[in-house]
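A closer look at the structure
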Amino acid sequence: MEAWQEIAIGLVMMVVLGPAVGNYATSVVFRLPFGQTPFEKKPYCGHCNTMLAPKDLFPILSYLSTRGKCRYCSGKIRSSYTWIEVVCGVLFIVDFLVFGISEDFILITSIGVFWVILAALEYHEHKLFTLIMTYIAGLAALMRVLHEHTLYDFFFSGFIMMFAALVIWKLSDVLAKRKTTIPPNYVWLALLTGLLLPLAYVPLAVG
């Protein structure tokens, strides 16, 4: 098999697999705020609780075919769920083209999917979920050890980014003449970013 054929087959796989994983991610985004897992109940409509049929579960296509409404009660489906599927599809395609099928592809794509879930949850619920951040941190640790063969830089770069965010937080409090006690979300996002970044890139991120 020639190289272009392998790439073509891989791209077809990513076009199918990416949105499918995105569809699963939408289930996490919908259920996690209710304390549910994607495994404890079959897919259902959030408006009428009707169990969804296989024809309702095709990523992107199901949303377009029903014009963004439930097939059974006409309740409006959030367009952001479809965008999650689209973004995951793009993520899988780009990562495949850059990394091929490899350990880097698995780890970086998994981290990307959890970032999408985290962003969607923040958009919908206006808060960060510790469980998703923990998954990102764990995958980041695996990736850093795979490349750097040590956890020291993983913790050190995370500390630097979080410390810089804490300084910015306190300076903004001083300039605004206020006193807040709960760190803003960007502090935790800075920590996650630091855990992911090699030490050489931390100065660029802080700057």
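Before any of the text, the structure's been laid out above.
These notes cover the structure that comes with them. Starting from 1, residues in each chain are numbered consecutively following that chain's sequence as written. Restriction of local features to residues with pLDDT of at least 70 applies here, the model being predicted, together with a cutoff of 80 or more for giving and counting side-chain atom pairs; totals for whole chains, interfaces and linings are based on all residues. Side-chain measures were taken over the full set of non-hydrogen atoms in the model, leaving aside hydrogen atoms and water.

**What about the overall build of the chain?**
In plain terms, the rule: Secondary structure elements are defined from DSSP: runs of H or I of at least 4 residues count as helices, runs of E of at least 2 residues count as strands, and each element is numbered from the N terminus. Exposure categories follow from relative accessible area, calculated using a 1.4 Å probe and restricted to protein chains: below 20% of the type maximum is buried, above 50% is exposed, and the middle band is partly exposed. Any two residues whose heavy atoms approach within 4.5 Å at even a single point are treated as in contact. Using a 1.4 Å probe, accessible areas were evaluated by the Shrake-Rupley method; residue-level cover was limited to the displayed protein chains. His is not counted, nor are the chain ends, whereas Lys and Arg count as positive and Asp and Glu as negative. Every charge is mapped onto a representative atom, which is NZ of Lys, CZ of Arg, CG of Asp or CD of Glu.
Counting secondary structure elements, the chain contains 8 helices and 0 strands. Listed by position from the N terminus, the elements making up the chain come as α-α-α-α-α-α-α-α. Over its C-alpha atoms, taken along the principal directions, the chain stretches across nearly 55 × 55 × 30 Å. In the chain, which comprises 207 residues, the share counted as buried stands at 34%. Considering only residue pairs separated by 6 or more positions, the chain has 58% of its internal contacts joining residues 24 or more positions apart. Roughly 12600 Å² of accessible area belongs to the chain as shown, and the carbon and sulfur atoms make up 70% of that amount. Separation between the mean location of the 15 positive side-chain charges and that of the 13 negative ones in the chain comes to 18 Å.

**Concerning the packing of helix H1 (residues 3-31) against helix H3 (residues 79-99)**
The test is simple: To obtain an axis, a line is fitted to C-alpha atoms, over the contacting stretch when the element is a helix, and the angle between two such axes runs from 0 to 180 degrees between their N-to-C directions. Left-handed describes a crossing in which the near helix is turned anticlockwise from the far one by less than a right angle; the clockwise case is right-handed. Three categories are distinguished: nonpolar for Ala, Val, Leu, Ile, Met, Phe, Trp, Tyr, Cys and Pro, charged for Asp, Glu, Lys and Arg, and polar for the others, with Gly belonging to the last.
Where H1 meets H3, the closest approach of the two axes is 7 Å, and the angle between their N-to-C directions is 145 degrees. When you trace H1 past H3, the crossing you get is right-handed. Here the contact of H1 with H3 is composed, by residue class, of 17 nonpolar, 6 polar and 2 charged.

**Let's talk about the layout of surface pockets**
The line we're drawing: In the cavity and pocket records, a cavity denotes points on a 1 Å grid over the protein atoms alone where a 1.4 Å probe fits but cannot get out, a pocket denotes an open set with protein on both sides within 12 Å along at least 5 of 7 lines, and lining residues are residues with an atom within 4 Å of a point. Grid points are joined across faces, edges and corners, and a volume is the space filled by probe spheres set on the points.
If you add up the space inside the largest pocket, you get close to 870 Å³. Taken together, 38 residues make up the lining of the largest pocket; nearest its centre are Thr26, Tyr44, Leu52, Ile77 and Tyr81. Looking at the lining of the largest pocket, the elements with two or more residues in it are H1, helix H2 (61-65), H3 and helix H4 (103-125). When residues in the lining of the largest pocket are grouped by element, the largest group, 7 residues, is from H1. Split by residue class, the lining of the largest pocket holds 19 nonpolar, 9 polar and 10 charged. One number sums up the size of the second largest pocket: a volume of about 210 Å³. Lining the second largest pocket are 14 residues, and of these Tyr24, Val28, Pro38, Phe114 and Tyr135 lie nearest its centre. Elements that contribute at least two residues to the lining of the second largest pocket include exactly H1, H4 and helix H5 (130-148). The class makeup of the residues in the lining of the second largest pocket is 12 nonpolar, 2 polar and no charged.

**Describing the packing of H1 against H4**
We apply this condition: An angle below 35 degrees is read as roughly parallel, one above 145 as roughly antiparallel, one from 65 to 115 as roughly perpendicular, and any other as oblique.
H4 packs onto H1 with a crossing angle of 40 degrees between their chain directions and a minimal axis gap of 10 Å. Compared by their axis directions, H1 and H4 come out oblique. As for the relative orientation of H1 and H4, their crossing is right-handed in sense. Taken together, the residues of H4 that come into contact with H1 (itself represented by Met14, Val21, Ala25, Val28 and Val29) are Phe105, Val113, Ile117, Ala120, Leu121 and His124. When its residues are assigned to classes, the contact of H1 with H4 shows 10 nonpolar, 1 polar and no charged.

**A short note on H1**
Under the convention used in this document: One fewer than the residue count of a helix, multiplied by 1.5 Å, yields its expected span.
Between its terminal C-alpha atoms H1 stretches 41 Å, which fits the 42 Å expected from 29 residues at 1.5 Å a residue. In this fold, the buried residues of H1 make contact with H3, H4 and H5.

**Let's talk about the packing of aromatic side chains**
Aromatic rings considered in pairs are described by the distance between their centres and by the relative angle of their planes. Threshold: Stacked, tilted and edge-to-face pairs are distinguished by plane angle, under 30 degrees for stacked and over 60 for edge-to-face with tilted covering the rest, among Phe, Tyr and Trp rings (Trp via its six-membered ring) whose centres lie within 6.5 Å. A positively charged side chain is recorded as over a ring if its NZ (Lys) or CZ (Arg) lies within 6 Å of the ring centre. The angle to the ring normal must also be within 35 degrees.
Under the criterion given, the structure shown has 7 aromatic pairs. Taking the centre distance of 5.9 Å and the plane angle of 70 degrees together, the rings of Phe30 and Tyr44 count as edge-to-face. Highlighted residues: Phe30 in helix H1 and Tyr44 in the loop between H1 and H2, separated in sequence by 14 residues. Relative accessible area serves as the criterion here: at 13%, Tyr44 is assigned to the buried category. Centroid distance Phe159 to Phe163: 6.0 Å. Interplanar angle 25 degrees. Geometry classified as stacked. Here Phe163 and Phe159 lie together in helix H6 (residues 152-176), a separation of 4 residues that amounts to about one turn. For Phe159, a relative accessible area of 48% puts it in the partly exposed group. In this structure Phe163 comes out as partly exposed when scored by relative accessible area, which is 49%. Of note, Lys170 hangs over the ring of Trp169, and the distance from its end group to the ring centre comes to 4.0 Å.

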